[in-house]
Amino acid sequence: LFKAVPQAPADAIFSILAKYNVDKYYNKTNLTVGAYRDDNGKPWVLPSVKKATEILISNPEANHEYLPMGGLQTFVTAAVKLLLGEDSIAIKEGRAVGVQALSGTGALRLGAEFLKKFYKRTVYISDPTWANHRSIMTDAGLQIASYPYWNAQEKCLDFEGIINTMKEAPNGSIFLLHACAHNPTGVDPNPAQWMKIAEVMKEKDHFPFFDCAYQGFASGDLDKDAYAVRLFVDMGFELICSQSFAKNLGLYGQRTGCITLVTSKKEYSLRCQTQLAKISRAIVSNAPRFGAEIANIVLNTPELTEEWYDNLKTMSSRIIEMRKQLHQYLVELKTPGSWDHIVDQIGMFSYTGLNVKQCRALMSKFHIYLTENGRISMAGLNSKNVKAFAEAIDYVVRN
Ligand code: LMR
């Protein structure tokens, strides 16, 4: 029956992680998947999340009942507010609605399924983008096209390429935009560039579909990282935004997320919310409870929310420090090429500009694992391995 089923292609990120996992070398380095590590290279349970978990499990009323189809409402309300801001006009006017989702991927899938049903247009994804975007959109049945994003020569944003593609795309196309800390490049448009992108999208009637996976994790400032989404809402766009709490709450495996939809009228939004919940019902029935309960406690308990802000600063500042140290070592080693992009980029990842051959050499010679597009998870670097990593880069660049 299934004789003709071909082998699925290897996942660009998880297949390399699998290679790292089976490597027996004592001093191997994991710069593959984007997951925060502390300075000892260990996963970090955020103290605010730990406290919320203790509150949850010590509550005699806590149970494992189903959540409603739209998810845990208090969590969803807090997530939408976190994204759009307390004073968002869309929230005040009841035009912003949310549905709980299985982290960012689940939210993207709900958004894609919703668009396939009610607004079936081509989705433009950035080139490059997070490897899963393409699969999520195409598996949901949407046509995809791409817009250039990375200027490989200058190792910076291809702003002109973005704008030109937006101008050339058929009116009313969907553009998948990274809200902050673009994955894999770590390069975001600056505020003036976001404004121009929004203006062109308005002229062309394009629909923004944001992916917000790093709010607060990127800069340590939740408002700053939500700048682009809020700008589009303030400019009167209707939009969708997927939200992941994997990185900013460290709830990776709990699959805690939300999809927010903003339309021009409260009644449209409320109807769309029922459709999103219906789509979710057919895929997962109800979103998972444990992570959402934890996030709910953190987001709705002022002392824990405050503590969480500090936790975000701890993570983002350690990553920024690693960028500085890596850059400094490369400069000291006089490694050929310019490495300023390492410190200019933001968030979990750095797009090093290393080619496939160099990436493979890092893996085979130095047991340093990274995706073959040259992306490194900055969180995998720490005070003990950053110098050795710089030396390994120096070697592969020169040889
Ligand atoms: C990554 O890009 O490494 C993370 O977002 C994890 C994933 O699911 O790919």
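Remember, it's a predicted structure, so these values are computed and weren't measured experimentally.

A. Examining the overall build of the protein chain more closely. Helices and strands together make up the secondary structure of the protein chain, namely 16 helices and 13 strands. At 21 Å, the protein chain has a C-alpha radius of gyration in line with the 21 Å of a compact globule built from 399 residues. Counting over 399 residues, the protein chain shows a buried share of 47%.

B. Seen up close, the domain arrangement of the protein chain. Here the protein chain is partitioned into domain 1 (14–45 + 317–398) and domain 2 (73–300). Relative to domain 2, the C-alpha centre of domain 1 lies at a distance of 28 Å. On the domain 2 side, the residues contacting the 17 residues of domain 1 number 20 residues. Broken down by element, the residue count for the side of domain 1 that touches domain 2 peaks at 3 residues, all from strand β11 (residues 349–351). The residue makeup of the side of domain 1 that touches domain 2, split by class, is 8 nonpolar, 8 polar and 1 charged.

C. A look at the packing of helix α12 (residues 290–300) against helix α13 (residues 302–332). Look at α12 against α13: their axes get within 5 Å of each other, and the N-to-C directions meet at 95°. Considering the angle they form, α12 stands roughly perpendicular to α13. The segment α12 lies against α13, with I297, V298 and L299 engaging L304, T305 and W308. The residue makeup of the contact of α12 with α13, split by class, is 5 nonpolar, 1 polar and no charged.

D. Geometry of unusual backbone geometry. Cis geometry is adopted by the peptide bond preceding P128, which originates at D127 and carries an omega value of 5°. Checked against the element boundaries, P128 lands in the loop between β3 (123–127) and α6 (131–139). Although it is not a glycine, D205 sits at a positive phi angle of roughly 65°. Assignment of secondary structure puts D205 in the loop between α8 (191–203) and β8 (207–212).

E. A look at the site of the ligand. Around the ligand, the neighbouring residues are I13, V33, G34, W130, N132 and N183. Looking at the shell around the ligand residue by residue, the class counts come to 3 nonpolar, 3 polar and no charged.

F. The arrangement of helix α5 (residues 103–118) in detail. A rise of 1.5 Å per residue sets the reference length of α5, with its 16 residues, at 22 Å; its end C-alpha atoms lie 23 Å apart and thus fit the reference within 8%. Among the 16 residues in α5, 13 count as buried, and that is most of the element.

G. Focus on the sheet that holds β3. Sheet architecture is open: 7 strands sit in the order β2-β10-β9-β8-β7-β3-β4, paired in mixed fashion. Strands with a single pairing partner mark the edges of an open sheet, and in this sheet they are β2 (96–102) and β4 (144–148). Averaged over all pairs of adjacent strands, the angle between their axes in this sheet comes to 25°, without regard to strand direction. Across 6 bridges, the pairing between strand β9 (residues 239–244) and strand β10 (residues 256–262) is antiparallel. Along β10, the bridge assignment pairs I240 with L261. Lying on the sheet, helix α7 (residues 159–168) is in contact with β3, β4 and β7 (174–178); it crosses β4 at an angle near 140°.

H. Examining the nonpolar core more closely. Judged by nonpolar contacts, the single largest core of 112 residues is most densely connected at L83, A179, V229, I259, A295 and V298. Take this core: its biggest share by element is 8 residues, from α13. Of the domains in this structure, domain 1 (14–45 + 317–398) and domain 2 (73–300) are the two that each give at least three residues to this core. Setting aside anything within four residues of it in sequence, one finds I259 in contact with G98, V99, A101, A107, L110, G111, I240, S242 and L276.

I. Region of the structure containing the pairing of β4. In this structure, β3 lies alongside β4, joined through 5 bridges in parallel fashion. By the bridge assignment, V123 is partnered in β4 with I144. Crossover β3 to β4 through α6 is right-handed.

J. Molecular detail of the environment of Q275. Within the secondary structure, Q275 sits in helix α11 (residues 266–283). Under the C-beta neighbour-count criterion, Q275 is labelled partly exposed, with 16 such atoms within 10 Å.

K. Quick look at helix α10 (residues 227–234). What α10 keeps buried is the set A228, V229, F232 and V233. Buried residues of α10 fall within an arc of 135° about the axis and therefore sit on the same side. In the segment just after α10, G236 is the residue with positive phi, at about 85°.

Thresholds applied
Residues numbered from 1 in each chain as written. Predicted model: local features only at pLDDT ≥ 70, side-chain atom pairs only at ≥ 80, totals over all residues. Helix = DSSP H or I, 4+ residues; strand = E, 2+ residues; numbered from the N terminus. Rg over C-alpha atoms; globule rule 2.2 N^0.38 Å. Buried ≥ 20, exposed ≤ 12 C-beta atoms within 10 Å, placed from the backbone. Domains from an automatic or database assignment. Contact = placed C-beta atoms within 7 Å. Nonpolar A, V, L, I, M, F, W, Y, C, P; charged D, E, K, R; others polar. Axes fitted to C-alpha atoms, helices over the stretch in contact; angles between N-to-C directions. Parallel < 35°, antiparallel > 145°, perpendicular 65-115°, else oblique. Near = placed C-beta within 6 Å. Expected span 1.5 Å × (residues − 1). Pairing = 2+ DSSP bridges. Core = buried A, V, L, I, M, F, W, Y, C linked by C-beta atoms within 7 Å. Right-handed = clockwise from strand over helix to strand, strands pointing away. Arc of directions from axis to C-beta.

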